[in-house]
Amino acid sequence: MEKSVYEKLSGVKTPVYVIDEKRIKENLEILKSVEEQSGAKILLAQKAFSAFYVYPLIKEYISGTACSGLYEARLGYECMGRENHVFSAAYRDDEIDEIISYCGHIIFNSGCQLERFRDKVLKAGKKIGLRINPECSTQEGHEIYDPCSPKSRLGITLKAFEKIDLAGVSGLHFHTLCEQNSDDLAKTLDAVEEKFGKYLYDMEWINFGGGHHITRSDYDIPLLLDCIKRIREKYNVEVFLEPGEAVALNAGYLVTSVLDITENDMPIAILDTSAACHMPDVLEMPYRPPLYLSGEKGEKAFSYRLGSQTCLAGDVIGEYSFDNALSVGDKLCFEDMAIYSIVKNNTFNGMPLPDIAILHENGECEVIKRFGYNDFKERLS
Ligand SMILES: *Cc1c(COP(=O)(O)O)cnc(C)c1O
């Protein structure tokens, strides 16, 4: 991040997530140019990032929203109001009507769900898709993020697909990638075509899912464009992509303050944030979040283990080093904190939720949501 941005953030009340409007715009420019050059439509996967405050901005650039169920469907409908596609591993009888009212494309995960709800969707004049499982793993080491892992419940395998009555089905959907480049998409498309190509000729649309790290600096956009154009032309289908991360990649910060410094074998800084509550992917993925002006442990003069206020022994963000010794009251700024953070946070251990702020393009940092005790209490009874 830029020094001027850091200086702006050092005055805010912590903990706070800060969404960087300028960075979001830069990502959106890239995504818009992919839409324009390829003819594909790009949808924001709200699962990664649901900051509806910036939906009016996002909808100037891309085509709409992708949802995982009723609440995201409603949020996309109410706050974006453009293309709205939904996939759920299974829909509930008491939610499907409302979901259909919000979404243009309803994607099913089995023949049984299709049978159950086909008539309702068609009667409403909406489109039906089926999520397929091309059984082509392209990621290693993160089985919980791999929908093609053995016994996966996500997507219909060819064996099961062959038994389905496809009446009313106008599209196919696959989602198998996670933070990947377009070479893995190309590989996946080969598997999709080999297994499901013969069905694709009869479809109107295909959705390539998410996991395309399009806005990362080393992403191969020309190969993505080739993939989209080839599939569009060969099968005469409309192509959708539904990235989440790529929309808000490197476009947010979590600013925290040092509350105390203790020592056990090495200096330990206690922060007013928590990996478990405010950045759960740090523990689940797991990964080490980038921290502004820091190095690996031992790389700079002063190394610290950074941990949380909570009682969870493992609530540690990582070991980092700094040019200067930390002091109580110092502000630290974790980067790339817009995605899979705000949407996943929780109040475990009675931890407060971080505020949400927008860093406007003109440099003004505006707090748009402040949380308090009631947000903790209202989820309990
Ligand atoms: C998670 C998910 C996405 C978004 O994935 P990103 O890795 O954030 O791009 C898109 N579609 C489906 C079906 C998903 O489950």
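Positions within a chain are numbered from 1, following the residues in the order the chain's sequence is written. Per-residue local features of the predicted model are confined to residues with pLDDT of at least 70, and side-chain atom pairs are confined, for both listing and counting, to 80 or more; whole-chain, interface and lining totals are unaffected and use all residues. Neither water nor hydrogens contribute to the side-chain values; these are computed over all heavy atoms in the structure.

Draft legend 1. Broad picture of the pairing of strand β11 (residues 266-271). When DSSP finds at least two bridges between two strands, those strands are taken to pair. Secondary structure elements follow DSSP: runs of H or I of four or more residues count as helices, runs of E of two or more count as strands, with numbering from the N terminus. With six bridges connecting them, strand β10 (residues 252-264) and β11 associate as antiparallel partners. In the strand pairing of β11, Ile 261 is matched with Ala 269. Connecting the antiparallel pair β10 and β11 is a turn made up of one residue, with Asp 265 showing a positive phi of about 75°. As defined by bridge partners, β11 adjoins strand β13 (residues 302-308) across four bridges and the pair is classed as parallel. Its bridge partner being in β13, Leu 271 is matched across the sheet by Ser 308.

Draft legend 2. Looking closely at the packing of aromatic side chains. Two rings from Phe, Tyr or Trp (for Trp, the six-membered ring) form a pair when their centres sit within 6.5 Å of each other. Planes less than 30 degrees apart are called stacked, planes more than 60 degrees apart edge-to-face, and all others tilted. Tallied over the entire structure, the rule returns 12 aromatic pairs. Seen from their ring centres, Trp 205 and Phe 240 are 6.1 Å apart, and the 80° between their planes marks the pair as edge-to-face. On the criterion of sequence distance, the pair formed by Trp 205 in strand β8 (residues 205-207) and Phe 240 in strand β9 (residues 238-241) is long-range, its members being 35 residues apart. Note on classification: 1.4 Å probe, protein chains only; a residue is buried when its accessible area is under 20% of the maximum for its type, exposed when over 50%, partly exposed between these limits. Judged by relative accessible area, Trp 205 falls into the buried class, the value being 0%. A relative accessible area of 0% places Phe 240 in the buried class. Judged by centre distance (6.2 Å) and plane angle (50°), the rings of Tyr 373 and Phe 376 are tilted. Separated by three residues within a single helix, Tyr 373 and Phe 376 lie in helix α13 (residues 373-377), roughly one turn from each other. We classify Phe 376 as partly exposed; its relative accessible area is 27%. Connected via pairs of aromatic rings, a cluster forms that spans Tyr 91, Phe 108 and Phe 117. A cation over a ring is seen here: Arg 131 above Phe 87, with NZ or CZ 4.6 Å from the ring centre. We count a charge as sitting over a ring when the NZ of a lysine or the CZ of an arginine lies within 6 Å of the ring centre and within 35 degrees of the ring normal.

Draft legend 3. Up close: the site of the ligand. Neighbouring residues of the ligand: 13 residues in total, closest Lys 47, Gly 211, Glu 242, Gly 244 and Tyr 340. Identification of polar contacts relies on pairs of N or O atoms within 3.5 Å, with a donor-acceptor requirement for protein atoms, meaning one able to donate a hydrogen and the other able to accept it, and with residues adjacent in sequence counted only if both atoms are side-chain atoms. Between the ligand and the protein, one listed contact pairs an oxygen atom with a side-chain N or O atom of Lys 47 at 2.7 Å. A distance of 3.0 Å separates an oxygen atom of the ligand from a polar backbone atom of Glu 245. Per-residue and other accessible areas were derived by the Shrake-Rupley procedure at a 1.4 Å probe size, with only the shown protein chains allowed to occlude residues. Protein chains shield 88% of the accessible area of the ligand, which is 390 Å² for the free molecule. Nonpolar residues are Ala, Val, Leu, Ile, Met, Phe, Trp, Tyr, Cys and Pro. Charged residues are Asp, Glu, Lys and Arg, and all others, Gly as well, are polar. Counted by class, the shell around the ligand contains four nonpolar, five polar and four charged residues. For each residue, the test is whether any non-hydrogen atom lies within 4 Å of the molecule or strand; if one does, the residue is near.

Draft legend 4. Focus on the domain arrangement of the chain. Each domain's extent was defined by an automatic or database domain assignment. In terms of domain boundaries, the chain breaks down into domain 1 (3-18 + 252-337 + 345-377) and domain 2 (39-247). The distance between the C-alpha centroids of domain 1 and domain 2 comes to 34 Å. A 1.4 Å probe defines the accessible area here, and the buried area is the portion of it lost by two parts on being joined, summed over both. For the pair domain 1 and domain 2, the summed buried area comes to about 570 Å², and 64% of that belongs to carbon and sulfur atoms. Interface area lost by domain 1 to domain 2 is led by Met 285, Ile 358 and Ile 368, which between them contribute 67%. By definition, a salt bridge exists where a carboxyl oxygen of Asp or Glu is found within 4 Å of a side-chain nitrogen of Lys or Arg. Along the contact surface separating domain 1 from domain 2 lie zero salt bridges. Across the contact surface, domain 1 and domain 2 share two residue pairs in polar contact (both at pLDDT 80 or more). Of all the secondary-structure elements, those providing two or more residues to the side of domain 1 that touches domain 2 are α12 (281-284) and β17 (365-369). Ranked by residues supplied to the side of domain 1 that touches domain 2, first place goes to β17 with three residues. The residue inventory of the side of domain 1 that touches domain 2, partitioned by class, reads three nonpolar, one polar and four charged.

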